[in-house]
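Fold and geometry: a report
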Amino acid sequence: MCGIIGYIGEKEAAPILLDGLKKLEYRGYDSAGFCLLDNGVLKVIKDKGKISEFDDSVELRGSRGNVGIAHTRWATHGEPSKINAHPHTDCKGDISIAHNGIIENHSALRELLIAEGHTIISDTDSEVLAHLIEKFYDGDLEEALIGALRLVEGTFGLVVLSKNEEKICVARKGSPLIIGIGNNEMFVSSDATAILNHTRRVIYLNDDEVASINKKEYNIRNIDGGNVDPEIHEIKWNVGQIEKKGFKHFMLKEIFEQPSSLENVLRGRVKGNETKSSVDVDYKNIKRILITACGTSWHSALIGKHLIEKMVGIPVEVDYASEFRYRNPLLNSQDLVIVISQSGETADTLAALREAKSKGAHTMGIINVVGSTIARESGSGIYLHAGPEIGVASTKAFTSQVLTLFIFALHMAQQKGLGVDAKIFDELKIISKKVSECLLQSEEIKNVASNFKNIKNFLYLGRGINFPVALEGALKLKEISYIHAEGYPAAEMKHGPIALIDEHMPVVFIATNGATYEKILSNMEEVKSRGGVIITVTDRDDVVINRLSDYVMKVPSTICELSPILNSIPLQLLAYHIADLRGLDVDKPRNLAKSVTVE
Ligand code: G6P
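Here goes a summary of the coordinates provided.

The rules behind each value
Residues numbered from 1 in each chain as written. Predicted model: local features only at pLDDT ≥ 70, side-chain atom pairs only at ≥ 80, totals over all residues. Heavy atoms only, no water. Axes fitted to C-alpha atoms, helices over the stretch in contact; angles between N-to-C directions. Helix = DSSP H or I, 4+ residues; strand = E, 2+ residues; numbered from the N terminus. Parallel < 35°, antiparallel > 145°, perpendicular 65-115°, else oblique. Left-handed = near helix turned anticlockwise from the far one by under 90°. Contact = heavy atoms within 4.5 Å. Nonpolar A, V, L, I, M, F, W, Y, C, P; charged D, E, K, R; others polar. Patch = residues over 30% accessible without salt bridge, like charges linked within 9 Å, V, L, I, M, F, W, Y side chains within 5 Å. Areas by Shrake-Rupley, 256 points an atom, 1.4 Å probe, with all protein chains shown as cover. Salt bridge = Lys/Arg side-chain N within 4 Å of Asp/Glu carboxyl O. Buried < 20%, exposed > 50% of the residue type's maximum accessible area, 1.4 Å probe, protein only. Arc of directions from axis to C-beta. Core = buried A, V, L, I, M, F, W, Y, C linked by side-chain atoms within 4.5 Å. Pairing = 2+ DSSP bridges. Right-handed = clockwise from strand over helix to strand, strands pointing away. Near = heavy atom within 4 Å. Polar contact = N/O pair within 3.5 Å; in protein donor to acceptor, adjacent residues only side chain to side chain.

1. Regarding the packing of helix α4 (residues 127–136) against helix α5 (residues 141–149)
Running from amino to carboxyl end, α4 crosses α5 at an angle of 120°, the nearest separation of the two axes being 8 Å. Here α4 is positioned oblique relative to α5, judged by the angle of their axes. Between α4 and α5 lies a crossing of right-handed hand. Residue-level contacts link Leu132, Ile133 and Phe136 of α4 to Leu141, Ala144, Leu145, Gly147 and Ala148 of α5. Split by residue class, the contact of α4 with α5 holds 7 nonpolar, 1 polar and no charged.

Here it is, written out as structure tokens:
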């Protein structure tokens, strides 16, 4: 949700900022801009549109300066336009800012500043920050920033330049920012992917910290004045992991990475018929588990509920993080609250985690991005190690979350002395091989997709542990193809969605072997008899399923608990191919952002 990068050093800043911004584009991509400090002048270049449009910008190419900031925007206040794009400056162009987050009291601040003679030209909440810092500026940018922030309510990842000082000042509250340490150069970024080409040594800023950075050193302190002694982390990801490697889109590459991302989940956690865990929780004293997350991560939470309740016998509740934080949840020290987040930065999930901690529950994070805020704030945690996920629609993180929840349930069952069927471990050993088998069908699924690229509505139906898979399949399709799609429990269809069924309504059924397989066949009959078009994900090859299905997407058989992983693969590929055949920008779907750091 908005990406920020800053550079100070001895090289030309513009190409570094442009390259970094491209790596951050998944965070928002409706407009972008740069501000370079060149011989005591701040030069701003910005516009509506994607970052690639700056590749040919003569103005940017001709801009000099070894200090600069840049921003890619996901609009919250004010439409995507040149004037609303960041960086913003004060009236005189002496101060420049790029901001990620929301300034909640921007209207009051705007009135105050206008009354004092400032002219505010954009519709954004962010522009007031530039004017406010200018109001407090008296030769020391850091002091002016702190003075301004004392009046600000809301969230910010903020980078600031002054035309008078060779430094970048930054501040963080609620929106991530890291400092990258190089040789005679420093970087600031919303996440590590943008600076990996230059350095692996980073500092994660915490909330309420401000920093002043020149090319040789950084000075971090608390907004209230206390000194901060930061820890320097070494990033383990490599640059190759954030390249497309011959795939047309990051999303397709990430779909195809799933055999190895799933192996990464298993590595070190399952040995023979034993599970290992670094999670510091006294399983015997946990009486209830609550899982909270957003988007795709919420779907894996729903699967987690099935897994934990079945395998461990503990009641599990699942909440949208945005609802959990405001419903005043009743929690105590016998509750374990699990938060799931790919990015580890989702604002609602972070707030839910803080709510749970403040009420005395145990907390645990299931997170992909190492060093992210949620990872750092969770009482204990499990990293997915899925590698960077760049495509806005989550794929490999989802299957890794499901497998992580499965291993967690398995571990908890073993810790509680419950019997675990040996077949489970046999299946775990070959699950990534079975995912590879699913991927072999990509071209066949593309053929299926070609029949549906102009369809307007889709229904996805599943039951039990595969109902959340239906929700996820529908979400994938609507996110990247803009086709309306709904996921429903198959048996609930007759209480409403059945009214929609006709020859123009494709229905995707998840019909793999399990307790409700026969029931699903009946639901398929109901759709067939109303003229619906059926696409079936199944591990079966029998007369009935073939008669009922217009199109079949085959998956290998597995145990019910692991079936969501295999069943998700053809649904990811179906959504991908439909969107690609429609000629859409699969990796950067309109209006979405990968990391939603505002409420
Ligand atoms: C955004 C993304 C989704 C993601 C959701 C939760 O909406 O577009 O793909 O599932 O945020 O993100 P998280 O990083 O917390 O898993």
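2. Describing a nonpolar patch on the surface
Together, Leu112, Phe136 and Leu151 make up a nonpolar patch on the protein surface, roughly 220 Å² of accessible area in all. On the secondary structure map, phenylalanine 136 appears in helix α4.

3. Quick word on helix α3 (residues 106–115)
Among the residues making up α3, those that are buried are His106, Leu109 and Leu113. Viewed end-on, α3 has its buried residues packed into an arc of 65°, placing them on one side of the element. Of the exposed residues in α3, those oriented more than 90 degrees away from the buried face are Glu111 and Ala115. Where α3 is buried, its residues touch α4. Once α3 ends, the next one or two residues include glycine 117, with phi positive near 105°.

4. Concerning the nonpolar core
Here is a general trend for soluble globular proteins: nonpolar side chains tend to be buried in one another's company. If you look at the biggest cluster of nonpolar residues, it comprises 87 residues, and the most contacted ones within it are Ile289, Phe406 and Phe458. The biggest single contributor to this core is helix α12 (residues 396–415), with 11 residues. Aside from chain neighbours lying at most four places away, what touches isoleucine 289 is Ile308, Ile314, Pro315, Val316, Glu317, Leu336, Ile338, Phe408 and Met412. Ranked by size, the runner-up nonpolar core spans 34 residues in total, among them Leu36, Ile51, Leu60 and Tyr204.

5. Regarding the pairing of strand β19 (residues 335–341)
Within β19, 7 of the 7 residues are buried, which leaves the element mostly enclosed by the surrounding structure. Of the two faces of β19, the one lined by Asp335, Val337, Val339 and Ser341 and the one lined by Leu336, Ile338 and Ile340 are each fully buried. With 5 bridges connecting them, strand β17 (residues 288–293) and β19 associate as parallel partners. Bridge pairing in β19 links arginine 288 to aspartate 335. Pairing analysis gives 6 bridges linking β19 to strand β20 (residues 362–367), with the strands arranged parallel. In the sheet register, isoleucine 338 faces β20, and the bridge partner there is methionine 364. After leaving β19, the chain enters helix α10 (residues 347–358) and then returns to the sheet as β20, a path that is right-handed.

6. Considerations on the site of the ligand
Near the ligand lie 14 residues; those nearest to it are Ser297, Ser341, Gln342, Ser343 and Thr346. Threonine 296 is positioned with one of its backbone polar atoms (N or O) 3.0 Å from an oxygen atom of the ligand. Separating an oxygen atom of the ligand from a side-chain N or O atom of serine 343 is a distance of 2.7 Å. Relative to its unbound accessible surface of 390 Å², the ligand loses 90% to contact with the protein. Classifying every residue of the shell around the ligand by side-chain character gives 4 nonpolar, 8 polar and 2 charged.

7. Structural notes on unusual backbone geometry
Residue proline 87 follows histidine 86 across a cis peptide bond; omega there is -5°. Mapping proline 87 onto the fold places it in the loop between β4 (67–73) and β5 (88–89). The phi dihedral of asparagine 184 falls on the positive side, at around 55°, and the residue is not glycine. Tracing the backbone shows asparagine 184 in the loop between β9 (178–181) and β10 (186–189). By relative accessible area, which is 32% here, asparagine 184 ends up partly exposed. The phi dihedral of histidine 385 is positive, around 55°, even though this residue is not glycine. In this structure, histidine 385 sits in the loop between β21 (380–383) and α12. For histidine 385, a relative accessible area of 41% corresponds to the partly exposed category.

So, to be careful, I would describe these as geometric facts and stop short of saying anything about function.
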